[in-house]
Amino acid sequence: MTVDPELLVHSDAEDLAFSVAGRLITAIVDAQSTGGVAQVVLTGGRVAAKVYQAVAESPARVEVDWQRVEFWWGDERFLPSGDPERNETQARDAFLSALDIDPVRVHPMAADTGQGAEAAASAYAAELEAAGSPTFDVLLLGVGPDGHVASLFPGYPQVAVTDVAAVAVHDSPKPPPTRVSLTLPVLNRSREVWFVVSGDDKADAVATALAEGDIPAAQPKGQNRTLWLLDEAAASKIS
Ligand SMILES: O=C(O)[C@H](O)[C@@H](O)[C@H](O)[C@H](O)COP(=O)(O)O
């Protein structure tokens, strides 16, 4: 059973990032409150980087047992290890490197070592299965102006893939051209889905997604909650 999306609108990108950082810390503490490991899926992009930075700077970060957080990625730019454009690199630089995380619990998608994105996608699907195909506590998603989420782009065949957990994406409209992405069934294996969106260039995509339009951003739904965490600009065309 999925529930209606909830909208929370913030004044600007900085306020949004600060608010989402606090919400993420609270969600992790809640997930750990029963003694378990919090399962978090990170996304890439500029807004996400602001959120991660705000987590690293938050005094409340000390409330989290960072040793008991499992970090996954919803997608990755298929580039060599350490490339500054990789979502993994950006997350490590923005906050993971500053936190007392358990490195074994950080699950980046493979870097380009010449093996091809298909092999990287298969390896990630296998890693998820080996971890027991966890239900994620929080799935973070950015949204593109075209309505993409993760690396699932409108009109691309990967949007409709349901028989594997991760796929390779080629000729991405958003550089770099080659990527790896979780598929929608895995994105939906989340208790909470949080869309974190800033900027008027996303306003059409946000409005279309909330109207259940035919874009990938309309499809991820949390099992318990679906949050649209927006700034005023991104929310400006919601009817
Ligand atoms: O690899 C990526 O680029 C992201 O995973 C992608 O899905 C991103 O979250 C959106 O494109 C929003 O990016 P911005 O926040 O930079 O607009």
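Residues numbered from 1 in each chain as written. Predicted model: local features only at pLDDT ≥ 70, side-chain atom pairs only at ≥ 80, totals over all residues. Heavy atoms only, no water.

> So what about the UniProt feature "domain: Glucosamine/galactosamine-6-phosphate isomerase" (unreviewed entry) in the protein chain? Which residues, and what values?
The positions that UniProt labels "domain: Glucosamine/galactosamine-6-phosphate isomerase" (unreviewed entry) are, in the present scheme, residues 12-228. Helix makes up 30% of residues 12-228 and strand 18%, whereas the separation of the span's terminal C-alpha atoms amounts to 14 Å. (UniProt positions renumbered as here; feature names shortened; annotations may be inferred. Helix = DSSP H or I, 4+ residues; strand = E, 2+ residues; numbered from the N terminus.)

> Break down the sheet that holds strand E7 (residues 179-182) for me, with residues and values.
The sheet built from three strands is open, its strands ordered E4-E7-E6 with antiparallel pairing. Taken across any chain shown, the strands that pair with only one partner, and hence form the sheet edges, are strand E4 (75-77) and strand E6 (166-169). Taken over all neighbouring pairs, the strand axes of this sheet differ in orientation by 15° on average, direction set aside. Sheet topology note: the E4/E7 ladder contains three bridges and is antiparallel. Across the sheet, the residue bridging to Arg77 is Arg179, located in E7. Sitting on the sheet, helix H4 (residues 117-130) is in contact with E6 and E7, with an inclination near 165° to E6. (Pairing = 2+ DSSP bridges. Axes fitted to C-alpha atoms, helices over the stretch in contact; angles between N-to-C directions. Contact = heavy atoms within 4.5 Å.)

> How would you sum up the sheet that holds strand E8 (residues 190-197)? Please name residues and give values.
Read from one edge to the other, the open sheet built from six strands follows the order E1-E9-E8-E5-E2-E3, with strand pairing classed as parallel. Sheet topology places strand E1 (6-10) and strand E3 (69-73) at the edges, where each strand pairs with a single neighbour. Strand-to-strand twist across the sheet, computed as the mean angle between neighbouring axes with direction ignored, equals 20°. With two bridges connecting them, strand E2 (residues 38-42) and strand E5 (residues 136-141) associate as parallel partners. Note that in E5 the partner of Val41 across the bridge is Leu139. Packed on one face of the sheet, helix H1 (residues 13-32) meets E1, E2, E3, E5, E8 and strand E9 (225-231) and runs near 155° to E9.

> Hey, could you go over the nonpolar core for me, with residue numbers and the actual values?
A general trend in soluble globular proteins is that nonpolar side chains are found buried together. Ranked by size, the top nonpolar core spans 76 residues in total, and within it Leu42, Phe71, Phe95 and Trp194 carry the most contacts. Ranked by residues supplied to this core, first place goes to H1 with nine residues. Apart from the residues lying within four places of it in its own chain, the contact partners of Trp194 are Val20, Arg23, Leu24, Ala27, Val138, Leu139, Leu140, Leu141, Leu227 and Leu229. (Core = buried A, V, L, I, M, F, W, Y, C linked by side-chain atoms within 4.5 Å. Buried < 20%, exposed > 50% of the residue type's maximum accessible area, 1.4 Å probe, protein only.)

> How would you sum up the pattern of salt bridges? Please name residues and give values.
One pass over the full model with this rule turns up twelve salt bridges. Asp75 is paired through a salt bridge with Arg179; the nearest N and O atoms lie 3.3 Å apart. Taken together, the residues Asp75 in strand E4 and Arg179 in strand E7 connect sequence positions 104 residues apart. Summarising the burial analysis for this pair, Asp75 and Arg179 share the class buried. Here Asp137 ties to Arg191 by a salt bridge, and the two come within 3.0 Å at their closest N and O atoms. One end of the pair, Asp137, is in strand E5; the other, Arg191, is in strand E8, with 54 residues separating them in the sequence. According to the relative accessible area criterion, Arg191 is partly exposed, its value standing at 34%. (Salt bridge = Lys/Arg side-chain N within 4 Å of Asp/Glu carboxyl O.)

> Can you explain the packing of aromatic side chains? Please cite residues and give values.
As enumerated under the stated definition, the model contains seven aromatic pairs in all. Where Phe153 meets Tyr156, the ring centres are 5.8 Å apart and the plane angle is 55°; that geometry is what we call tilted. Through successive ring pairs, a cluster of aromatic residues spans Tyr52, Trp66, Phe71 and Phe95. (Phe/Tyr/Trp six-rings, centres within 6.5 Å; stacked < 30°, edge-to-face > 60°.)

> So what's going on with the side chain of Ser198? Residues and values would help.
In this fold, Ser198 is placed in the loop between E8 and helix H6 (203-210). For Ser198, a relative accessible area of 13% corresponds to the buried category. Side-chain polar atoms of Ser198 contact the side chain of Asp231, separated by 2.6 Å. (Polar contact = N/O pair within 3.5 Å; in protein donor to acceptor, adjacent residues only side chain to side chain.)

> Describe the site of the ligand, with residues and values.
Close contacts around the ligand come from 15 residues, with Arg46, Asp75, His148, Lys174 and Lys202 the closest. At a separation of 2.6 Å, an oxygen atom of the ligand approaches a polar side-chain atom of Asp75. In this structure, an oxygen atom belonging to the ligand sits 2.8 Å away from a side-chain N or O atom of Arg77. Coverage of the ligand by the protein amounts to 97% of the 420 Å² it exposes when considered alone. Elements with a minimum of two residues in the shell around the ligand: helix H2 (46-57) and E4. Looking at side-chain class alone, the shell around the ligand contains three nonpolar, six polar and six charged residues. (Near = heavy atom within 4 Å. Areas by Shrake-Rupley, 256 points an atom, 1.4 Å probe, with all protein chains shown as cover. Nonpolar A, V, L, I, M, F, W, Y, C, P; charged D, E, K, R; others polar.)

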